[in-house]
Amino acid sequence: MNFDLVVRTPQGAVQALRYAAADAAAASAELASQGMQVLSCAPGKAPWRLWGGTPRQASARFDIANLAQELALLIGAGLSIIEALRTLEAREVHAARKAVLRDVQRHVSEGQPLSAALGKHPDQFPPLLVANVSASERTGDLGTALQRYAAHQLSVRQLTDKVFGAAVYPML
C-alpha cells in the first residue's frame, strides 16, 4: 500500500514523499531507520492536496533539475544532443519517461530544434526550460544554459522546502 508522508530529513529539510509499505507503522519505522522524522503519514489523500499542490516525486514526471544537469554534462562531455538523449533514455527505468525521451530524440533526429521537441511535451517540460533551450540554440551555449536552469530549479526547490517547512512547523 502507498502512503503519503511528510518527513524531516537528517539535514533538517521538510519533504513530502510517497512510500510503499505494508502499513502506516511499517512506513514510519522504515523511514525513521533512515534518520528521518515522520511528521505525518496517511494513505490516499496527501496533505499537500488540501491546498491544490502535487507531490514532487510524481512517478511519470521528470526531475527537471536533474535532467537538465545530466543533459548539460553529457553535451559538455562532447556527445551530440541525439547521443545525449539516447544515453538518458537508456538509463531511464520508468516507461512513460522513457517514451517521452524517445519521442524528443525522434523529433530532434528529424531535424527539429531541441526546444521544439521539448515543447511538444508541455506536461513534462516547463515553458521556462523550453524558452531557455530556444534562446541557447541561437547563442550556441546549450550546456551552460542547461546548467543555469538546473541551478535555478534547485534554488526554487530549496525555497519551496523552506516555505513548506515553515508552514508545517506550527502544526507540530
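Look up: the structure comes first, before these words.
Values in this document were obtained by computation on a predicted structure and should not be read as measured data.

Caption draft 1: Examining empty space enclosed by the protein more closely. Counting across every chain of the model gives one cavity of 30 Å³ or more. Roughly 80 Å³ of internal volume is contained in the largest cavity. In terms of lining residues, the largest cavity is bounded by Leu67, Ala68, Leu71, Leu85, Leu101, Val104, Leu114, Leu118, Phe125, Leu129 and Leu146. In terms of residue count, helix 2 (residues 64-76) provides more of the lining of the largest cavity than any other element does, three residues in total.

Caption draft 2: A look at the pattern of salt bridges. According to the stated counting rule, one finds six salt bridges in the structure shown. Between Glu92 and Arg97 there is a salt bridge whose closest N-O contact spans 2.9 Å. Neither Glu92 nor Arg97 differs from the other in exposure class; each is buried. Among the ionic pairs, Asp103 bridges to Arg106, the shortest N-O distance being 2.6 Å. Of this pair, Asp103 and Arg106 both sit in helix 4 (residues 95-109), separated by three residues, roughly a single helical turn. Members of the salt-bridge network, linked through shared partners, are Asp103, Arg106 and Glu110.

Caption draft 3: Representation of the side chain of Ser115 within the structure. Structurally, Ser115 is set in helix 5 (residues 114-119). Here Glu137 takes part through its side chain, which lies 2.8 Å from a polar atom of the side chain of Ser115. Residues within four places of Ser115 in sequence aside, it is in contact with Val130, Val133, Ser134 and Glu137.

Caption draft 4: Representation of the packing of helix 2 against helix 3 (residues 81-91). Taken N-terminus to C-terminus, the directions of helix 2 and helix 3 make an angle of 130°; their axes are 9 Å apart at the nearest point. Classed by the angle they form, the pair helix 2 and helix 3 counts as oblique. Judged by the twist between their axes, the crossing of helix 2 over helix 3 is right-handed. For the pair formed by helix 2 and helix 3, the contact residues are Leu67, Glu70, Leu71, Leu74 and Ile75 on the first element and Ile81, Ala84, Leu85, Thr87, Leu88 and Arg91 on the second. For the contact of helix 2 with helix 3, the class distribution of residues is eight nonpolar, one polar and two charged.

Caption draft 5: Focus on the packing of aromatic side chains. With the rule as written, the count across this model stands at one aromatic pair. With a centroid separation of 5.5 Å and 20° between ring planes, the pair formed by Phe62 and Phe125 is classed as stacked. With Phe62 in the loop between strand 3 (37-43) and helix 2 and Phe125 in the loop between helix 5 and helix 6 (127-139), this residue pair connects regions lying 63 residues apart in the sequence. Classification of Phe62 as buried rests on a relative accessible area of 9%. The exposure class assigned to Phe125 is buried, which follows from its relative accessible area of 2%.

Caption draft 6: Local environment of the sheet that holds strand 1 (residues 2-8). Reading across from one edge, 2-1-3 is the order of the three strands in this open sheet, with antiparallel pairing throughout. Across the chains shown, the open sheet's two edge strands, defined by having one partner strand only, are strand 2 (14-20) and strand 3. Taking each pair of neighbouring strands and ignoring which way they run, the sheet shows an average axis angle of 25°.

Caption draft 7: Structural context of helix 4. The end-to-end C-alpha distance of helix 4 is 21 Å, a good match for the 21 Å that 15 residues give at a rise of 1.5 Å each. Every buried residue of helix 4 is listed here: Arg97, Val100, Leu101, Asp103, Val104, Gln105, His107 and Val108. The inward-facing, buried residues of helix 4 abut helix 2, helix 3 and helix 5.

Caption draft 8: Focus on the nonpolar core. Among the nonpolar cores identified, the biggest contains 26 residues, and Leu71, Val104, Leu114, Phe125 and Leu146 are the most heavily contacted of them. Broken down by secondary-structure element, the contributors of at least two residues to this core are helix 2, helix 3, helix 4, helix 5, helix 6 and helix 7 (142-168). A per-element tally of this core places helix 2 first, with seven residues. Leave out the neighbours within four places in its chain, and Phe125 touches Phe62, Ile64, Leu67, Val100, Val104, Leu118 and Val130.

Reading the values: rules and limits
Residues numbered from 1 in each chain as written. Predicted model: local features only at pLDDT ≥ 70, side-chain atom pairs only at ≥ 80, totals over all residues. Heavy atoms only, no water. 1 Å grid on protein atoms, 1.4 Å probe; cavity = no way out; pocket = protein on both sides within 12 Å on 5 of 7 lines; lining within 4 Å. Points joined across faces, edges and corners; volume = space filled by probe spheres on them. Helix = DSSP H or I, 4+ residues; strand = E, 2+ residues; numbered from the N terminus. Salt bridge = Lys/Arg side-chain N within 4 Å of Asp/Glu carboxyl O. Buried < 20%, exposed > 50% of the residue type's maximum accessible area, 1.4 Å probe, protein only. Polar contact = N/O pair within 3.5 Å; in protein donor to acceptor, adjacent residues only side chain to side chain. Contact = heavy atoms within 4.5 Å. Axes fitted to C-alpha atoms, helices over the stretch in contact; angles between N-to-C directions. Parallel < 35°, antiparallel > 145°, perpendicular 65-115°, else oblique. Left-handed = near helix turned anticlockwise from the far one by under 90°. Nonpolar A, V, L, I, M, F, W, Y, C, P; charged D, E, K, R; others polar. Phe/Tyr/Trp six-rings, centres within 6.5 Å; stacked < 30°, edge-to-face > 60°. Pairing = 2+ DSSP bridges. Expected span 1.5 Å × (residues − 1). Core = buried A, V, L, I, M, F, W, Y, C linked by side-chain atoms within 4.5 Å.

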